[in-house]
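Examination of the molecular architecture
Chain by chain, the residues run as shown.
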Amino acid sequence: MRTFRLAASALAVCVALSACGGQDGGGDIPTPSPTGAPVTTPSSPDQTTPGTPPTSDDASGPVLPPPTKRPGRPTSSPPAGGTTLTGTVTPGVEPNCLLLGNYLLIGGPRDVLKPGAKVTVTGRVQPDLLTTCQQGTPFQVDTARRG
């Protein structure tokens, strides 16, 4: 008898969950378009359309505003010839990450850029570059020589 009640409860939950979703699994939830703006399909004439504010009697929920572009950071051109750094290469805490002072070396000849090597590198600082090294300010190496 106890097994029957457990099975009946599980069946009731399954029926309730299947009634909540349609075949597309989306129901009335807006699906994002390739541009990121929500796409809604009016199911009744009184439903609001994207871009219009919802009214107090709108039961479908809020209408999301279109995404706004964030202004980019101003970029400055690197000085002629780039920036030159001199020092001893140290290993980072993650594999294959090399540091020169507080700069994370990106690119460059790996036969020259080895932990313990005294080098002079030329390149440009790229503070917005995302890396997996999690330490140092990214520095894109254009040239490197033993120093």
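Our subject is the structure listed above.
Residues numbered from 1 in each chain as written. Predicted model: local features only at pLDDT ≥ 70, side-chain atom pairs only at ≥ 80, totals over all residues. Heavy atoms only, no water.

Taken as a whole and assessed by the stated rule, the structure comprises one aromatic pair. A ring pair is formed by tyrosine 103 and phenylalanine 139, whose centres lie 5.9 Å apart and whose planes are at 65°; its orientation type is edge-to-face. Of the two residues, tyrosine 103 is situated in strand β5 (residues 103–106) and phenylalanine 139 in strand β7 (residues 137–146); the sequence distance between them amounts to 36 residues. For tyrosine 103, a relative accessible area of 28% puts it in the partly exposed group. (Phe/Tyr/Trp six-rings, centres within 6.5 Å; stacked < 30°, edge-to-face > 60°. Helix = DSSP H or I, 4+ residues; strand = E, 2+ residues; numbered from the N terminus. Buried < 20%, exposed > 50% of the residue type's maximum accessible area, 1.4 Å probe, protein only.)

Bringing the state of the cysteines into the picture now. For the coordinates displayed, the defined rule picks out one disulfide. A sulfur-sulfur distance of 1.9 Å marks the disulfide that ties cysteine 97 to cysteine 133. Taking the sign of the S-S torsion, -85° for the link of cysteine 97 and cysteine 133, the bridge is left-handed. One end of the pair, cysteine 97, is in the loop between β3 (83–91) and β4 (98–100); the other, cysteine 133, is in the loop between β6 (118–125) and β7, and 36 residues separate them in sequence. For cysteine 97, a relative accessible area of 4% corresponds to the buried category. Since its relative accessible area comes to 8%, cysteine 133 is described here as buried. (Disulfide = S-S within 2.5 Å.)

Across a regular strand the side chains alternate sides, sitting on one face of the sheet and then on the other. Here β3 pairs with β6 via six bridges, running antiparallel. By the bridge assignment, threonine 88 is partnered in β6 with lysine 118. As judged from the seven bridges shared by β6 and β7, these two strands associate in the antiparallel manner. Each residue of the ladder has a partner; that of valine 119, found in β7, is arginine 146. (Pairing = 2+ DSSP bridges.)

Moving on to the nonpolar core. In terms of nonpolar packing, the biggest core is built from 13 residues, with Leu105, Leu113, Val119, Val121 and Val141 touching the most fellow members. Contributions of two or more residues to this core are made by β3, β4, β6 and β7. It is β7 that contributes the most residues to this core, three residues altogether. When neighbours within four sequence positions are excluded, valine 141 is seen to be in contact with Leu105, Ile106, Gly107, Gly108, Leu113, Val121 and Thr122. (Core = buried A, V, L, I, M, F, W, Y, C linked by side-chain atoms within 4.5 Å. Contact = heavy atoms within 4.5 Å.)

This next bit is on the side chain of threonine 120. Along the chain, threonine 120 falls in strand β6. Note on threonine 120: relative accessible area 10%, which makes it buried. Side-chain polar atoms of threonine 120 contact the side chain of threonine 86, separated by 3.3 Å. Apart from residues no more than four positions distant in its own chain, threonine 120 is found in contact with Thr84, Leu85, Thr86, Thr143, Ala144, Arg145 and Gly147. (Polar contact = N/O pair within 3.5 Å; in protein donor to acceptor, adjacent residues only side chain to side chain.)

Further remarks concern unusual backbone geometry. You will see that asparagine 96, though not glycine, has its phi angle at about 65°, which is positive. Tracing the sequence through the fold places asparagine 96 in the loop between β3 and β4. In this model, glutamine 134 sits at a positive phi of 60°, which is unusual for a non-glycine residue. Among the secondary structure elements, glutamine 134 is positioned in the loop between β6 and β7.

As far as function goes, none of this settles anything; it's purely spatial.
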